[in-house]
Amino acid sequence: MSGQTAGTLEDAAIKWDASGLVPAIVQDAASKDVLMMAYMNQESLKRTLESGETWFWSRSRGELWHKGATSGHVQKVKALKYDCDGDTLLVLVDQTGPACHTGRYSCFHNEVKPGALADGREAAAESQSADRFAMLGRLESVIAQRDAERPEGAYTTYLFEKGIDKILKKVGEETAEVIIAAKNRDNDELRYEASDLIFHLMVLLREAKLPLDEVMRELDCRHNNKK
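The present account deals with the structure reproduced in this document. Keep in mind that this is a model prediction, so the values were computed, not measured. In every chain, residue numbers begin from 1 and rise along the written sequence. Predicted model: local features are reported for residues with pLDDT of at least 70 only, side-chain atom pairs are reported and counted for 80 or more only, and whole-chain, interface and lining totals are derived from all residues. To get the side-chain values, all heavy atoms of the structure are used, and hydrogens and water are removed first.

## Here's the deal with the overall build of the chain
Working step 1: Helix and strand assignments follow DSSP, with helices taken as H or I runs no shorter than four residues and strands as E runs no shorter than two, numbered in order from the N terminus. Counting its secondary structure elements, the chain contains eight helices and six strands.
Working step 2: When its helices and strands are written in sequence order, the chain yields α-β-β-α-β-β-β-β-α-α-α-α-α-α.
Working step 3: Accessibility here uses a 1.4 Å probe with only protein chains present; expressed as a share of the type maximum, an area under 20% marks a residue as buried, one over 50% as exposed, and anything in between as partly exposed. Counting over 227 residues, the chain shows a buried share of 36%.
Working step 4: Within the chain, counting contacts between residues at least 6 apart in sequence, those at least 24 apart form 51% of the total. Contacts: residue pairs with any heavy atoms within 4.5 Å of one another.

Here it is in structure tokens:
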């Protein structure tokens, strides 16, 4: 894993609370969705860094627990950081299956709409619509959720369960459909087929555990002649 090592973190100013704990926020390294929050003590942090998988301290049971030891939904640590105050950890992981004990991809699936705030403030729709490509981020998140939860009957579930060969076949088919639509000068058809291609390409990126951010970074490097 990248990020801090056991030695550097032991020397760092981690601010353990009165019970010897620090909150750890777990984030999907690819989709950037926040998956869960748990607590670590010095021993669970040490085991996390040594094993490359997340370990936590259960306040209710009073014992260490290895995420996924029973369910198989382990978290492979890609990076581990701590904040400017040293009182919160951020753990970026490759999540196997759902992170939540309810079977949901993320523990944070209960949404409070901005309009429901106590002071009656309304959502800032303008700031949301300002990002032309926000839909790509939402799509990446939905695909990650489908990969983790595998809801029965969902097309994305079907693709992941069929595996890489089926996904590659669909990417190839949709690429051909885009070419045909463009050759026919049919923009309605081209819009539809291009959407299909982007969707299947993002499923492929998820299967390969390649974040969309890395593709954007590659494009940025090319644009700025950094490579």
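## Some points on the packing of aromatic side chains
Working step 1: Working definition: rings of Phe, Tyr and Trp (its six-membered ring) pair if their centres are within 6.5 Å, and the pair is stacked with planes under 30 degrees apart, edge-to-face with planes over 60 apart, and tilted otherwise. Evaluation of the coordinates by the stated rule reveals three aromatic pairs.
Working step 2: Grouped by ring-pair contacts, the aromatic residues Tyr155, Tyr158 and Phe199 constitute a single cluster.
Working step 3: Each ring is checked for a lysine NZ or an arginine CZ that lies within 6 Å of its centre and within 35 degrees of its normal; such an atom marks a charge sitting over the ring. One residue, arginine 47, lies across the ring of tryptophan 55, its end atom 4.8 Å from the ring centre.

## Re the sheet that holds strand E2 (residues 34-40)
Working step 1: Here four strands make up an open sheet; going across it, the order is E2-E1-E6-E5 and the pairing mixed. Two strands lie at the open edges of the sheet, namely E2 and strand E5 (75-82), each paired on one side alone. On average, adjacent strands in this sheet sit at an angle of 25° to one another, irrespective of strand direction.
Working step 2: Relative to E2, strand E1 (residues 22-28) is paired through six bridges, and the arrangement is antiparallel. A pair of strands is considered paired only if DSSP assigns at least 2 bridges between the two. Here, axes are lines fitted to C-alpha atoms. For helices the fit covers the stretch in contact, and angles between N-to-C directions go from 0 to 180 degrees.

## Digging into a nonpolar patch on the surface
Working step 1: Patch membership requires over 30% relative accessible area and the absence of a salt bridge. Like charges are linked within 9 Å, and nonpolar side chains (Val, Leu, Ile, Met, Phe, Trp, Tyr) within 5 Å. In this description, accessible areas are obtained by the Shrake-Rupley approach with a 1.4 Å probe, and a residue is regarded as covered only by the protein chains that are shown. Salt bridge criterion: a side-chain nitrogen from Lys or Arg within 4 Å of a carboxyl oxygen from Asp or Glu. Together, Ile25, Val34, Met37 and Phe108 make up a nonpolar patch on the protein surface, roughly 340 Å² of accessible area in all.
Working step 2: Tracing the chain through its elements places isoleucine 25 in strand E1.
Working step 3: On the accessibility criterion, isoleucine 25 (30% relative accessible area) is partly exposed.

## Quick notes on the pairing of strand E3 (residues 55-58)
Working step 1: Judged from the four bridges that link them, E3 and strand E4 (residues 63-66) form a sheet pairing that is antiparallel. Among the inter-strand pairings, tryptophan 57 is bridged to a residue of E4, identified as leucine 64.
Working step 2: Two successive antiparallel strands, E3 and E4, enclose a turn made up of four residues, where glycine 62 displays a positive phi of approximately 65°.

## Quick look at the environment of isoleucine 143
Working step 1: Take isoleucine 143: it is sitting in helix H4 (residues 134-149).
Working step 2: For isoleucine 143, a relative accessible area of 2% corresponds to the buried category.
Working step 3: As for isoleucine 143 and arginine 206, which are separated by 63 residues in sequence, their C-alpha atoms are 7.4 Å apart.
Working step 4: The contacts of isoleucine 143, once residues within four sequence positions are left out, are Phe160, Phe199, Met202, Val203 and Arg206.

## Considering helix H5 (residues 155-162)
Working step 1: Every buried residue belonging to H5 is among Thr156, Thr157, Leu159 and Phe160, and all of these are buried. Looking straight down H5, one finds that the buried residues subtend no more than 160° of arc, so they occupy a single side. Of the residues in H5, the exposed ones pointing more than 90 degrees away from the buried face are Glu161 and Lys162.
Working step 2: Buried positions along H5 lie against H4, helix H6 (164-183) and helix H7 (187-207).
Working step 3: Remark: glycine 163 follows H5 within two positions and exhibits a positive phi of approximately 95°. Each C-beta atom gives one direction from the helix axis, and the arc is the one those directions make.

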